[in-house]
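This is what each chain is made of:
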4 protein chains.
Amino acid sequence: MAETMRAIVKTAPGRGVELIEVPKPDPGPGEALVRVVVASICGTDHHIYHWNSWAERRIGPRIPQIIGHEFCGIVEGVGSGVTRISEGDYVSAETHIVCHSCTPCRRNQHHVCINTKILGVDVDGAFTDYIVVPAENLWINPPDLPSAVAAAQEPLGNAVHTATAEPLAGKRVLVTGVGPIGAFSIGVARALGAAAVYASEPNPYRLSLAAAMGADHTINPTEVSLRETIMELTGEGVDAVLEMSGSPLAIRDAISCVIPGGHVAQLGLLSEEVSLDLNELIFKGIRYYGVAGRRMWETWETMSELLSAGALDITPVLTHTMDLESFEEGIRLMDEGACGKVVLTVS
Amino acid sequence: MAETMRAIVKTAPGRGVELIEVPKPDPGPGEALVRVVVASICGTDHHIYHWNSWAERRIGPRIPQIIGHEFCGIVEGVGSGVTRISEGDYVSAETHIVCHSCTPCRRNQHHVCINTKILGVDVDGAFTDYIVVPAENLWINPPDLPSAVAAAQEPLGNAVHTATAEPLAGKRVLVTGVGPIGAFSIGVARALGAAAVYASEPNPYRLSLAAAMGADHTINPTEVSLRETIMELTGEGVDAVLEMSGSPLAIRDAISCVIPGGHVAQLGLLSEEVSLDLNELIFKGIRYYGVAGRRMWETWETMSELLSAGALDITPVLTHTMDLESFEEGIRLMDEGACGKVVLTVS
Amino acid sequence: MAETMRAIVKTAPGRGVELIEVPKPDPGPGEALVRVVVASICGTDHHIYHWNSWAERRIGPRIPQIIGHEFCGIVEGVGSGVTRISEGDYVSAETHIVCHSCTPCRRNQHHVCINTKILGVDVDGAFTDYIVVPAENLWINPPDLPSAVAAAQEPLGNAVHTATAEPLAGKRVLVTGVGPIGAFSIGVARALGAAAVYASEPNPYRLSLAAAMGADHTINPTEVSLRETIMELTGEGVDAVLEMSGSPLAIRDAISCVIPGGHVAQLGLLSEEVSLDLNELIFKGIRYYGVAGRRMWETWETMSELLSAGALDITPVLTHTMDLESFEEGIRLMDEGACGKVVLTVS
Amino acid sequence: MAETMRAIVKTAPGRGVELIEVPKPDPGPGEALVRVVVASICGTDHHIYHWNSWAERRIGPRIPQIIGHEFCGIVEGVGSGVTRISEGDYVSAETHIVCHSCTPCRRNQHHVCINTKILGVDVDGAFTDYIVVPAENLWINPPDLPSAVAAAQEPLGNAVHTATAEPLAGKRVLVTGVGPIGAFSIGVARALGAAAVYASEPNPYRLSLAAAMGADHTINPTEVSLRETIMELTGEGVDAVLEMSGSPLAIRDAISCVIPGGHVAQLGLLSEEVSLDLNELIFKGIRYYGVAGRRMWETWETMSELLSAGALDITPVLTHTMDLESFEEGIRLMDEGACGKVVLTVS
């Protein structure tokens, strides 16, 4: 009889998921089988759970689907042709499976590959005991990296990618939106030598995370004017904004708070179109960067080295740890905005 | 009796200007007196003539004001402390007078100086026989540069600045909006080794300028879908858009036509806010550059060398030449969209 | 009986090669079989023929070895797992076979892969009727690209890589050494908008190639002082040197001819150590780039597009065409310095 | 009777200096008079004291000359036309007085201005009670910056300029030569997020400074092979070398220790030519940067912000403090290699 394993599966359209037994997969050529040690919950998983229109459109046709994509684990086997990865390796995974053939890939812009497939979205994911992934997607961790940190490297990589759009050394940085990735980016900006880090966020719990990650000033834009506060603090504006919220208001403030010649790096996705005064962007000569995924593998290397060197500590953001069965409790914490990153212990 | 000279002056609020006699100025310390040889008409002059809300707000308090800022001429005298410039030099002028003290200036981003004063807008301009400008603003032209070309270097510099936001060699480039600066930028992209240049513009006269400047394909977006046409021509989109129109529709098309990993450089000013799908910018990892003015002096140097080397010929865009007295005829041509750049012979 | 094919093979240590019949190879997984249409002779082939110390050390252990690596051809079959390339494709080849696992590869610096294997040096080469290469190494050419040009893209890529170390638009460029790659680089600099191109080379035949490729000035450094000539022509030095000769004297001149703030890109390999005044490099703040291979695949794309757009024409450098059997005549022409690139028609 | 002040003056060719009374200067147009609070001794001052061939050639024609250029102080008066600087400002000085007219200056590469004059070398210097400098050369310090740190910003700026040749975040960095600037650069690399910093230096006292500044490993290249040690520690080499020694052996090691695709930034001046294997530079695709002075004013801003943010602490390098009269004791400490930076309290 085929071996089975636990998995959190979107089994039907609509709200919710099920924790069920499914067959344990085998690695094919170029693939690796990883025993999941720790997984963490992303906003994407939250959307799939609550079944918003994006989830319906993207996941609907793929039901039943194992969800989850942030994880680390131990390699238990590899398919044919795999040499860089071996059994026993302690790994995390880049979740974008790319084609290597499209124009962006041939330009080493794999993070915007036209044919990207995403773990836990387009193929089965990581909220399970075992996952099969392309071996090339695995990043080998140093043995002493805590497993919760190792699992959270995927979203941390988003923060590092956003924070490295331009050098931040000696720069005044505003982070708008302090979800887990926003909170990570505060620590990253610090590690890169930022002169000052300001964090804007309406949720007081998250503002406390911002402070814990090293923000010099935390600003609640529902209580004070973000722009006026920044101008009071800096005199002339910030040099860089890391826009992590996807809030139209925050984006308008971001452009408004940047000094002429500065830049904005935008990671936060929006749920609607945003109306902007582009003339301000033009007159100020602002560089506006859309940021997706992680550079393969420059972002992973920078992140890994910052963690190993002790220049970056993300543990204040890893606020809750629970087992796989408690997944829905994690979703509830996210509903309430009462958590940083929720970490699931799998094995 | 004080010497006088002719000048086109905004003498009163509302539509129109007057050609009157005004006192000839003297250069102060650090300044130079230039006899204007050729001047050319900018869209800004057109706005001041027609007295739109921007002109009312910006020029209103400064009436009476000599207008015009694109010109070349011969230095007839310099004030104290001027050494780089001498009598007899054949010069054009950077029109941004900058402070050298603000943070952008101290970062060598003079083109976005916080205290910029613009010739013909904030101080007296160039539609006159003699103009006094800070000597540091003068660019010395090679003696064989045609005077109409020399005068048009100021707007040509906008095109060069926009086209050099990133290297265009081997890239597919879309220019949206073929006013004079858009038309210039087609030639610049060609000179920089662009693989292909597509030009989008509703005005057929201007589309013919695009072709004359070397566009491979000209597209009338009121007749066909710009996005569909670009996708048919390129398969996957263009690598770069030089957005010269300030049209909300063109901006939305620009983002839509760019391949993942590409960039947009935006020079065209808008008359209203624009509603954008920023997620497309994010998912594609697009770099969006607001472009203002000209880099001092990198843009001027690149431009000057491209012209001298014969890699760039802008004369097809210099469609009409007339004398200073015929200024309003130039305005009428611009009203009708029946011209490229209108050049005024002054002396 | 196994099918055979012609091949130019290094069959024994010492000077010379043999044209013999060898078994026709089959493509394995991930590989493609290419019928060679045109191949061209590189300085490396010349070294292997004459058996210098490098060749003895590198090729010695691999005898018998088919040599040659610059070629184009038609794909006649592919091994398992190949999807991007199909039978009938008209292709050229990147000659560096890289590992994708070392640190430089993971940083998208494949051109300096630590485990590089080179066609015709570390594995069998292209002076033959059929060659098997990794499918990922193939670049698909547009159908109208002349086959001699298609074959010469490998060395042309070296020129493009060197010329794109920094933007050359509007810059004064000195090319030292006008072998085929040096000659190519003159055309590339022109296509990228260089203000002026100066070429230095002692061989009069090659100086004429420099002129044919668009050099503004050709300089014979055995007749005049290169440095003095450059200073006379430019007043203050060139902005960039593309060093293609590997001559210690040229390298010292290169550093000496560059304006403060300029750069040198060094492709020419040396046969000995060179003694340099590094203080000049420091005081002038010069950026000195060692250049190897071609960026995968940015360099190939730029090159391909410059050729397709007609911005670059390398045919003046392709001075001699002969059949495969005449290979040694090509070597003799190279001995005499009486050729540009020698092209071999294979099928 | 004219007011006088103390000054350390090179009064005659040969070894030594004199502390004498000289007239107190007055600021001319565009200049500022600064009361020196703290000055520090540079290797250049050491060379002038000992009168090496460089000093003889450069200073000889200017005797008598007040020496010294690293300092901070309080502005006591300004000449006409000075607005950015006022009496009472707490300032340090960029020591390169630049022309703003040469090509490098016009390209915003003022640090390699062709007409640079250096404080304490080409014009009177800072080992005195009062100094007159161009007001544009003054950097306004935050009031809480310790004066010894403020004075040492000039050489610290060399370290920052060298360390910012490319981003160091997540990179393994080797510093060769741990004089004061080398020691500073260790702290700067750390502040910029370096993964690991290795320091090489034969002087044990200086190696202890390296450790105090945060080097992970200190290496004495007279005791072990630098290259072998680096390869043991890193497996494949370092990503960047900051070459601060000017030692030919260190430079050869630097190139040898860098991973393919890495870079070397060279600040250390040499006393002789160096013989190099440039092929290693080429095959590895290394970028080699000559570094001079400080970028105006990007380097100053980055430095100032790193200090203010507490990301960088250079006080371990400021090992000795004494009064102006004890200058020769400072020189003796430097002779013995028994100091970091020697700081002179002036007022």
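Criteria and thresholds
- Residues numbered from 1 in each chain as written.
- Chains lettered and ligands numbered in written order.
- Predicted model: local features only at pLDDT ≥ 70, side-chain atom pairs only at ≥ 80, totals over all residues.
- Heavy atoms only, no water.
- Least-squares fit on C-alpha atoms with pLDDT ≥ 70 in both.
- Helix = DSSP H or I, 4+ residues; strand = E, 2+ residues; numbered from the N terminus.
- Contact = heavy atoms within 4.5 Å.
- Buried area = accessible area lost by both parts, 1.4 Å probe.
- Salt bridge = Lys/Arg side-chain N within 4 Å of Asp/Glu carboxyl O.
- Polar contact = N/O pair within 3.5 Å; in protein donor to acceptor, adjacent residues only side chain to side chain.
- Nonpolar A, V, L, I, M, F, W, Y, C, P; charged D, E, K, R; others polar.
- Pairing = 2+ DSSP bridges.

Asks: I'm lost on the relation of the copies chain A and chain B in this one. Help?
Replies: Note on the chain copies: they are related by a rotation about an axis and a translation along it. With an RMSD of 0.0 Å, the fit of chain A onto chain B corresponds to turning through 180 degrees and sliding 0.0 Å along the axis. Taken together, these values place the two copies in the relation of a two-fold axis. Within chain A, Ser275 of chain A has its C-alpha nearest the rotation axis, a separation of 2.0 Å.

Asks: Any chance you could explain the side chain of Gln65 of chain A here in plain terms?
Replies: With respect to the helices, strands and loops of the structure, Gln65 of chain A is situated in strand S4 (residues 65–66). Setting aside residues no more than four positions away along its own chain, Gln65 of chain A makes contact with Ile8, Val9, Lys10, Ile59, Gly120, Val121, Asp122, Val123 and Asp124 of chain A.

Asks: Would you explain the interface of chain B and chain D in this entry?
Replies: Reports of interface size often rely on the accessible area that becomes lost once the parts have come together. Counting residues at the interface gives 13 residues for chain B and 13 residues for chain D. Regarding the contact of chain B and chain D, the summed buried area is about 1,200 Å², with carbon and sulfur atoms giving 32% of it. Broken down residue by residue, the surface that chain B buries against chain D is led by Arg84, Arg106 and Asn108 of chain B, which jointly contribute 50%. Taken together, the connections running from chain B to chain D amount to 2 salt bridges. Taking the shortest distance from any N to any O, the salt bridge between Arg107 of chain D and Glu301 of chain B comes out at 2.4 Å. At the boundary of chain B and chain D, one finds 8 residue pairs in polar contact (both at pLDDT 80 or more).

Asks: Just to check I follow, could you spell out the relation of the copies chain B and chain D for this structure?
Replies: Note on the identical chains: chain B maps onto chain D by a rotation of 180 degrees and an axial translation of 0.0 Å, with an RMSD of 0.0 Å. In this assembly the copies share their binding face: 100% of the residues contributing to the interface of chain B also contribute to that of chain D.

Asks: It is not clear to me how the interface of chain A and chain B should be interpreted in this structure. Could you clarify?
Replies: Contacts between the two partners involve 39 residues from chain A, matched on the other side by 39 residues from chain B. With both sides pooled, the region where chain A packs onto chain B buries about 3,300 Å², and carbon together with sulfur makes up 56% of that total. Put simply, chain A and chain B have 4 salt bridges between them. A salt bridge links Arg107 of chain B to Asp239 of chain A, with the nearest nitrogen and oxygen atoms 2.7 Å apart. Inspection of the chain A/chain B interface yields 17 residue pairs in polar contact (both at pLDDT 80 or more). Where the side of chain A that touches chain B is concerned, the elements lending two or more residues are helix H3 (103–106), helix H9 (248–257), strand S15 (258–266), strand S16 (274–276), helix H10 (278–283) and strand S17 (287–290) of chain A. Top contributing element to the side of chain A that touches chain B by residue count: H10 of chain A, with 5 residues. Residues belonging to the side of chain A that touches chain B are distributed by class as follows: 20 nonpolar, 9 polar and 10 charged. Bridging between S17 of chain A and strand S17 (residues 287–290) of chain B involves 3 bridges; their strand directions are antiparallel. By the bridge assignment, Arg287 of chain A is partnered in S17 of chain B with Tyr289 of chain B.

Honestly, that's just the spatial picture; any functional story needs more than this.
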